[in-house]
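Now for the letters of each chain:
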Amino acid sequence: MQNVQAAFLMSAGKEGNMGSGASTIGITRQPEFGIVIFSFLLHFVWEYLQAPTYAGMMELSHWEGVKLCTSATIGDVGFALVAFWVASASARSRAWLLSPRTLPLLVYLGTGVALTIGFEYYYTQVTQRWTYSELMPLVPPFGTGLSPLLQWLVVPPTVLWLTRRHIGN
């Protein structure tokens, strides 16, 4: 693991930015690759599992449900990347996930939770693009659904763990 971490740090430069040696470990070993792939896979499953907690989801045709869950998953992947980059800025290194410290991990989770609360509020309260079903418990003060909040607290730490293992192999 330390050899991989050293190679990653060398390819990323001392500040954690991508340098000219980035091809040393290849694109599939970059943290963003793991974040994107594992986020997509895990969030996609979560989106399907929480479908009953959104009004009208169970009545959609199969294909319409697939499209909607895929669209939501792409948004989740975007949240994960933004949260990773904000945490990387706070740690001053993209390699922080190889040996996570408290501050970047809290920044990562906090950014994701803030994005989740903001977007859920906007889409359920302002534009009413979607609504929760009676099965969705709401969390004060903004009335955010419990499922999307749990999604950010369960899936992204698992994504970090899988990405760390992927980079370390």
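Residues numbered from 1 in each chain as written. Predicted model: local features only at pLDDT ≥ 70, side-chain atom pairs only at ≥ 80, totals over all residues. Heavy atoms only, no water.

A. Structural detail: the overall build of the protein. The helix and strand tally for the protein stands at 5 helices and 2 strands. Secondary structure elements of the protein, listed N to C terminal, follow the sequence α-α-α-α-β-β-α. Evaluated residue by residue, the protein yields a buried proportion of 41% over its 169 residues. Nonlocal contacts in the protein, meaning residues at least 24 apart in sequence, comprise 67% of its contacts between residues at least 6 apart. Element-wise, carbon and sulfur atoms account for 67% of the exposed surface of the protein, whose accessible area totals about 9,300 Å². (Helix = DSSP H or I, 4+ residues; strand = E, 2+ residues; numbered from the N terminus. Buried < 20%, exposed > 50% of the residue type's maximum accessible area, 1.4 Å probe, protein only. Contact = heavy atoms within 4.5 Å. Areas by Shrake-Rupley, 256 points an atom, 1.4 Å probe, with all protein chains shown as cover.)

B. Quick look at the side chain of R94. The topology assignment puts R94 in the loop between α3 (62-91) and α4 (102-126). The exposure class assigned to R94 is buried, which follows from its relative accessible area of 9%.

C. Geometry of helix α5 (residues 146-168). Here α5 spans 33 Å end to end across 23 residues, near enough to the 33 Å set by a 1.5 Å rise per residue. By the burial criterion, the buried members of α5 are S147, P148, L149, Q151, W152, V155, P156, V159, L160, T163, R164 and I167. (Expected span 1.5 Å × (residues − 1).)

D. Just the pattern of salt bridges, in detail. Overall, the coordinates contain 2 salt bridges when judged by the stated rule. The closest approach of N and O atoms between E32 and R94, which form a salt bridge, is 2.8 Å. Residue E32 is located in helix α2 (residues 31-49), and its partner R94 is located in the loop between α3 and α4; the two are separated by 62 residues in the primary sequence. Residue E64 pairs with K67 through a salt bridge whose shortest N-O separation is 3.1 Å. (Salt bridge = Lys/Arg side-chain N within 4 Å of Asp/Glu carboxyl O.)

E. Just the packing of α4 against α5, in detail. Interhelical geometry of α4 versus α5 gives an angle of 145 degrees and a closest axis separation of 10 Å. The hand of the α4/α5 crossing is right-handed. Contacts between α4 and α5 involve L105, Y108, L109, G112, V113, T116, I117 and E120 from the first element and P148, L149, W152, L153, P156, P157 and L160 from the second. Split into classes, the residues belonging to the contact of α4 with α5 amount to 12 nonpolar, 2 polar and 1 charged. (Axes fitted to C-alpha atoms, helices over the stretch in contact; angles between N-to-C directions. Left-handed = near helix turned anticlockwise from the far one by under 90°. Nonpolar A, V, L, I, M, F, W, Y, C, P; charged D, E, K, R; others polar.)

F. Looking closely at unusual backbone geometry. A cis amide bond links P140 with the next residue in sequence, P141, at an omega value of 5 degrees. Secondary-structure assignment places P141 in the loop between β1 (138-139) and β2 (144-145). The phi angle at R92 is positive, at roughly 60 degrees, despite the residue not being glycine. With respect to the helices and strands, R92 occurs in the loop between α3 and α4. We classify R92 as exposed; its relative accessible area is 69%.

G. Summary view of α3. Relative to the 44 Å expected for 30 residues at 1.5 Å per residue, α3 spans 43 Å between its end C-alpha atoms, a close match to the ideal helical length. Looking at the residues trailing α3, positive phi occurs at R92, about 60 degrees.

Read these as spatial facts, not as claims about activity.
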